[in-house]
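Reading the structure
So you can see what is in the structure, the chains are spelled out below.
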Amino acid sequence: MKTRLGPARVPSRESPEAAIELLLERGYSAFEIDFEGSFWMKPEWEWAGRFGELAKENDIALSIHAPIAAFPGHLAGDEQKRKRAWGMLDHSAGVAVATGAELVVVHPGFLLGRTREEALEAVAEDLSALRERLEGKERGVPFGVEIMGRVRELGTADDVFWLAARLDWVRPVIDFAHLHAVTDGAFTDVQAFAGVLEVADDVLEPGASFHVHFSDIAFANRNETKHLSYGEGTLRAEPLREALDRFERPATVISESPDEESHQAVKAILAPRAEAT
């Protein structure tokens, strides 16, 4: 099954045409629009529509990364923070519809002094309520909840798979750099990758792609510290490629490496699967 690969940041904000041209020149077939810091498209709906049109013409799969502050599950009483987060998630879903993006990637939030069970219930309730609002505005796109790199915070693999199993429009975003960090560097063989993909395969609807974040990573005390250039750490793409080959499911791999050379290195390793039909 085919693997698409692309970077986590727009290569040019000059125009949709310039961005797509660079993506094609560099051989990418996927891309994640980076709104982590802000909604930067100006004029937004015109930019988004044209970008989506060009991506579709050139068979480039798109996803959206919502702002970092746009997480569900705020504490009861933090209505201003919840309202702000919902507004950003709503807006991210609107851009996803305008561009034809496959999903909106979100962070799952924080424990905020609660038990893990309490925090997860709050996240699920927020997501369900938000879904009703989005469907009423024809913005009911899938949300992808990302596995995080903090061993004692919300966002473990179990947390994310629980949410994906409970809400049929939520998909797991498998961040192997984060998983490598929280396991103290355990993702070095094919079985480690395949075991996580197997759980994801069970909760994903038929036809949906695995959505993967990948980069080399630095970590300390089982927590991520920073993304590294490929080869500077101990996470490698070869076992990911072999693990993906075990599944009859397409995959989108988003490189979160800090430089173009690293994106290309990962793409070269995944190329045999990317060229499959």
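Residues numbered from 1 in each chain as written. Predicted model: local features only at pLDDT ≥ 70, side-chain atom pairs only at ≥ 80, totals over all residues. Heavy atoms only, no water.

**Looking at the packing of aromatic side chains**
Here is the rule we go by: Note on aromatic pairs: the rings of Phe, Tyr and Trp (six-membered ring only in Trp) are paired at centre separations within 6.5 Å, and the planes decide the class, stacked below 30 degrees, edge-to-face beyond 60, tilted for the rest. The way it works is that DSSP assigns letters per residue, a run of H or I at least four long becomes a helix, a run of E at least two long becomes a strand, and they are numbered from the N terminus. Burial status follows relative accessibility: with a 1.4 Å probe on protein chains alone, a residue under 20% of its type maximum counts as buried, one over 50% as exposed, and anything between as partly exposed. In this scheme, Lys NZ or Arg CZ marks a charge over a ring once it lies within 6 Å of the ring centre and within 35 degrees of the ring normal.
Applying the stated criterion across every chain, the model contains eleven aromatic pairs. An angle of 80 degrees between the planes, with centres 6.0 Å apart, marks the rings of Phe-31 and Phe-51 as edge-to-face. One end of the pair, Phe-31, is in strand S2 (residues 30-34); the other, Phe-51, is in helix H2 (residues 44-57), with 20 residues separating them in the sequence. An identical accessibility class is assigned to Phe-31 and Phe-51; each is buried. Taken together, the ring pairs in this structure connect Phe-31, Phe-35, Phe-39, Trp-40, Trp-47 and Phe-51 into an aromatic cluster. Seen from the ring of Tyr-230, Arg-236 lies directly overhead, with NZ or CZ sitting 5.4 Å from the centre. One cation-aromatic arrangement involves Arg-249 over Phe-210; the distance from NZ or CZ to the ring centre is 5.7 Å.

**What about the nonpolar core?**
The line we're drawing: By convention a nonpolar core is built from buried Ala, Val, Leu, Ile, Met, Phe, Trp, Tyr and Cys residues, the set being connected through side-chain atoms within 4.5 Å.
Counting residues in each nonpolar core, the largest one holds 81 residues, and the members touching the most others are Phe-51, Phe-143, Ile-174, Phe-176, Phe-210 and Phe-214. No other element matches helix H4 (residues 116-136), which puts seven residues into this core.

**Looking at unusual backbone geometry**
Apart from glycine, the bulk of residues carry a negative phi angle, and the bulk of peptide bonds sit in the trans form. The residue after Lys-42, namely Pro-43, is reached through a cis peptide bond having omega -10 degrees. Within the secondary structure, Pro-43 is located in the loop between S2 and H2. Positive phi outside glycine occurs at Glu-138, with the angle close to 60 degrees. You can see Glu-138 is positioned in the loop between H4 and strand S5 (143-146). In this structure Glu-138 comes out as exposed when scored by relative accessible area, which is 69%.

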